[in-house]
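Below are the chains, spelled out letter by letter.
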Amino acid sequence: MSLSRLSSKILRLPKGSIKYFSAQANVDLKDVKNEIKNSQLKTSPSFMMNIFRGKLVSTEVFPYPDVLATDEKELISSLIGPFEKFFSDVNNATRNDENASIDDAVLDQLWQLGAFGIQAPEKYGGLGLGNTQYGRLCEILGANDLGVGITLGAHQSIGFKGILLFGTQEQKEKYLQKLTTEKVYAAFALTEPSSGSDAGSIRTRAVKSDDGKYFVLNGSKIWISNGGIADVMTVFAQTEQIDSKTGEKKDKVTAFIVERSFGGVTNGPPEKKMGIKASNTAEVYFDNVKVPIENVLGEEGEGFKVAMAILNNGRFGMGATLAGTMRFCIQKAVEHANNRVQFGKKIKEYGCVQEKISQMNILQYATESMAYTISQNMDKGSKEYHLEAAISKIFASESAWYVCDEAIQILGGMGYMKEAELERVLRDLRIFRIFEGTNDILRLFVALSGIQYAGSNLKFLQNAFKNPAANFGVVSTEISRRVSTSIGLGAIDFNPYVAPELTDYAKKTANCIELFGKNVERLLVKYGKNIIHEQYILKRLANAAIDIYAMVVTLSRSSRAIELNLPTVQHEVNLTKALCLQASKRCKDNLRNTESELELLNVIGEIAKEVNNKGGVNTTHVITN
Ligand code: MYA
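Residues numbered from 1 in each chain as written. Predicted model: local features only at pLDDT ≥ 70, side-chain atom pairs only at ≥ 80, totals over all residues. Heavy atoms only, no water.

Explain the overall build of the protein here, please?
The helix and strand inventory of the protein stands at 21 helices and 10 strands. In the protein, which comprises 625 residues, the proportion classed as buried is 53%. For the protein, long-range pairs separated by at least 24 residues make up 77% of all intrachain contacts whose partners lie at least 6 apart in sequence. (Helix = DSSP H or I, 4+ residues; strand = E, 2+ residues; numbered from the N terminus. Buried < 20%, exposed > 50% of the residue type's maximum accessible area, 1.4 Å probe, protein only. Contact = heavy atoms within 4.5 Å.)

Next up, the structure:
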C-alpha cells in the first residue's frame, strides 16, 4: 500500500509549537470567523474530521437528521411490503446459496420490483429514491439474503453509480434506462491481481488512438462482483497524461464505461467462494477493447478520484444492509432463548445469555444510527461524508460478524446446523470486512485523513501565533479553548443538544473528544509526517474515532426518541447508556495505548519479524523437539 501522497501532506511541525498556547483572552467570534475566511485554513462540516482538531462541529450530528418529507416516507413505506413479500414468497436464500446462483425467474421479479434501479431517476426507469430510502430497502436485503444484496449492490451501489455521479447527459441517456429496466447488469472493475488495497497501482492500460476518437484497453481484473453477467462495466485503467504546466508525461488512472458488446471483453468462470455464493464473482479480461472517447467517465486522469468517490458514496449502504442482517440474527437468537429450556429454566433467564442479547442489540442500534445519520446527511447535500462512511463500514461489518457469531452461540449445536440459516449468514458476512476497502486500510484512511486535516489547522495556528496582533481573534479563541480544557472545564459542551437524562454520558463522550484532539496534536508534533509509518498508533486512533462516532450518533438518536416520546424511548436510552459506558472506556484505553504501550509495541514487532523470517511458528515443540 502506498498511502504515500497523503504522508507528504501531513505536516512536520517544529517541536515546541505548543508553547505558544499559554494565556487566556476575551474573544469576538466575528473576528475569528473573518480571519479564518481570509486565511487558507481548510474547514469541513464533517463531525468526524473536526474531532481530529478536538472540536465539536455539531451540524451533521445534532439534532439527529430527519430529512424525509411525508410523501417520501409514504413512498418508502409502500415499497417495504413488496420487497418483504418478495423475500418471503419468491426468494429462497438457502437454495441460492446451494446453487451458487439466483434463478432467472427470481431475478425477473427483482427487475419488476425496480430493485436494480433504486436510486436512478424515474425518468430513466429507476425508483428515484434518495440515500435514506435506499438504505431502508438495503436493510431488507441484509435481513434476508446477502447474496442477492451483493448482486444488487454491485450493480447499482458501485457498478453504475459512476454514471449517476459523473456521467454526462449523453451517458445517462444511453445507459441508465437499460440498467434499470432492461435486465442489463453492471459491474465495477477496479481490483487486479497485483492491485488490491493499493488501488492506485493498477496495470490495466488504455491507450488513446492517434485520431483521439477511442482508447484501446488491455488488462485484467479479478474478483469482480457481477463480472460474469455484466454487459456494462465501470473500468479503471492507467492512461498517459501530459501535465499542462510542465509538459511532463505521467500515467494517471482514467475511468471508462465499457460495454461487453465492444468486443474483446471476456470473463472467467464463477469463483468458488466461502459465502455470498448466490452472487456472481469472476475475472474479467480486456483484450484490445476499443472504447469510444465519449465513454470516458469523469475527466481523463481523474479516475482514481472517480473510483474513491463511488466507493465513498456506496459505503453507508453496507451499514444499513448489515443493520438488517443483525436484526435477523437477533430475532433468531431471541426466538431460541425464549423457548429453549435448560436446567429447568428458559435460557433467556440466564445472565450469560442476557448479556449476549443486550450486546447484540447495542451494536445493532449503533450501526443503524450511523447508517441513517450518514444517509440523511448525504440527502441533505453533505459532500464530506467519507470518514463517516468508512467508519460505518468498519463498525457495521465487525458488529454484524460478532452478532451473528453470538447468535450461533446462543443456539448452540442448533446454530451450527444449516437449517438454522445462521451458518450461511456467517459465511456471507466474512467478506464485508474485506471488500470495498479492507477494514485495516479504512482504519488507516480514517486516521490519516483526519490527521492531515488537523495538521493543516495546526500549521495555520502556528502561523497565526507568529503574529498574534494581526490574528487576535484566532489566537485568543485557541488559547481560551486550551485553557478551558487544561483546567478541566472542558471546551466541548453537549448540553444544548443532548436530553438531560443523557448528560453524564454526553460528558464522557466530550471528554473522549478532547482527549482525542490532544492526542492527535501530540502525535503530529512528535512524529510529523512520519506518523504514516506508525500503524500501531494509527489503528488505535481510528478505533477511538469509531467509538466516538458510535457514542455521538446514539446520543443524538435517543435524544430524538426522548423529544418525540417514542414508545421505545426507555429501551433506546438504555442502549445508548450501555454503548457510551463501553465505548468511552475503550476509547480512553485506545488513546492511552497510543503513548504508553511502546514496550508492547516493540515486542510485537520482534515477534512478527521472527515469525515472518522463519515462515511460520518458530517455537521449540514441547513434546517432539
Ligand atoms: S471494489 C474494490 C474496493 N477497493 C478498494 O476499496 C481499494 C482500497 N484502497 C483505497 O481506498 C485507496 O487506495 C487508499 C488510498 C485509501 C488506500 N476518498 O495518495 P493517496 C484521494 C476521497 O493517499 P493511495 C469491491 O471491493 C487523496 O486525498 N479521496 O492514495 C467491491 C488524494 O487526493 P489529492 C481519496 O495511497 C465489492 C488522492 O486520492 C480517498 O493510493 C462488491 C491520492 O491519495 C477516498 N477514500 O491510497 C461490493 N482515498 O490528489 C458490492 C484517497 O487531491 C456492494 N483519496 O491529494 C455492496 C453494497 C452493500 C449492499 C447493498 C445492497 C443493495
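Once you've had a look at it, read on.
Can you walk me through the side chain of Asn377 in this structure?
Take Asn377: it is sitting in helix H12 (residues 351-380). With residues near it in sequence (within four places) discarded, Asn377 still touches Glu60, Pro65 and Ser382.

Is there a simple way to think about the environment of Phe494 in this case?
You can see Phe494 is positioned in the loop between helix H17 (472-486) and helix H18 (503-527). Through-space distance from the C-alpha of Phe494 to that of Ser58 is 9.1 Å; in sequence the pair is 436 residues apart. Leaving out residues up to four positions away in the same chain, Phe494 has contacts with Leu56, Phe62, Ala506, Thr509, Ala510, Ile513 and Val552.

Teacher, can you tell me more about unusual backbone geometry here?
Between Phe62 and the following residue, Pro63, the backbone shows a cis peptide bond with an omega angle of -15 degrees. Here Pro63 is to be found in the loop between helix H3 (47-51) and helix H4 (70-90). Even without glycine at this site, Ala100 takes up a positive phi of about 50 degrees. The topology assignment puts Ala100 in the loop between helix H5 (93-99) and helix H6 (104-113). The exposure class of Ala100 is partly exposed, given its relative accessible area of 42%.

Mind showing me how you'd approach the packing of H4 against helix H7 (residues 131-144) here?
Packing of H4 against H7 leaves a shortest axis separation of 10 Å and a crossing angle of 20 degrees. The angle between the axes of H4 and H7 places the two elements in the roughly parallel class. In this structure, H4 meets H7 at a crossing whose hand is right-handed. The residues of H7 that touch H4, namely those facing Glu72, Leu75, Ile76, Leu79, Ile80, Phe83, Glu84 and Phe87, are Gln133, Arg136, Leu137, Ile140, Leu141 and Asn144. Its residues placed into classes, the contact of H4 with H7 shows 9 nonpolar, 2 polar and 3 charged. (Axes fitted to C-alpha atoms, helices over the stretch in contact; angles between N-to-C directions. Parallel < 35°, antiparallel > 145°, perpendicular 65-115°, else oblique. Left-handed = near helix turned anticlockwise from the far one by under 90°. Nonpolar A, V, L, I, M, F, W, Y, C, P; charged D, E, K, R; others polar.)

Can you help me understand helix H8 (residues 146-159) in this one?
Note on helix geometry: an α-helix contains 3.6 residues per turn, so any two residues three or four positions apart are oriented the same way. With 14 residues, H8 extends just 17 Å between its outermost C-alpha atoms, more than 12% less than the 20 Å of an ideal straight helix rising 1.5 Å per residue. At Gly153, H8 shows its largest bend, some 40 degrees. H8 sits mainly inside the fold: 14 of its 14 residues count as buried. In this structure Asp145 caps H8, since a side-chain oxygen of it lies 3.0 Å from the backbone nitrogen of Gly147. (Expected span 1.5 Å × (residues − 1). Bend = angle between axes of the 7 residues up to and from the residue. Polar contact = N/O pair within 3.5 Å; in protein donor to acceptor, adjacent residues only side chain to side chain.)

Just to check I follow, could you spell out the packing of aromatic side chains for this structure?
Any pair of aromatic rings gets described here by the distance separating the centres and the angle formed by the planes. Per the stated rule, a full pass over the model turns up 12 aromatic pairs. On the numbers, 4.8 Å between centres and 80 degrees between planes, the contact of Phe86 with Phe87 is edge-to-face. Overall, Phe87 belongs to the buried group, its relative accessible area being 6%. Between Trp111 and Phe116, the aromatic rings sit 4.2 Å apart at their centres with planes inclined by 15 degrees, giving stacked as the arrangement. One aromatic cluster is present, built from ring pairs that chain together Phe62, Phe494 and Tyr497. Above the plane of the ring of Tyr453 lies Arg53, whose end atom (NZ or CZ) is 3.5 Å from the centre. (Phe/Tyr/Trp six-rings, centres within 6.5 Å; stacked < 30°, edge-to-face > 60°. Lys NZ or Arg CZ within 6 Å of the ring centre and 35° of its normal.)

Quick question: what am I supposed to make of the confidence of the model for the protein here?
Detailed reading of the predicted coordinates is not advisable wherever pLDDT falls low. Per-residue confidence for the protein gives a mean pLDDT of 91, with 88% of residues at or over 70. Low pLDDT, under 50, characterises residues 12-29; the stretch is placed with 37 contacts to residues that sit more than four places away or in other chains. (pLDDT = per-residue confidence, 0-100.)

Explanation requested: a nonpolar patch on the surface in the structure shown.
A cluster of nonpolar side chains, contributed by Val603, Ile607 and Val611, occupies part of the molecular surface with about 230 Å² of accessible area. Counting through the fold element by element, Ile607 comes out in helix H21 (residues 598-614). (Patch = residues over 30% accessible without salt bridge, like charges linked within 9 Å, V, L, I, M, F, W, Y side chains within 5 Å. Areas by Shrake-Rupley, 256 points an atom, 1.4 Å probe, with all protein chains shown as cover. Salt bridge = Lys/Arg side-chain N within 4 Å of Asp/Glu carboxyl O.)

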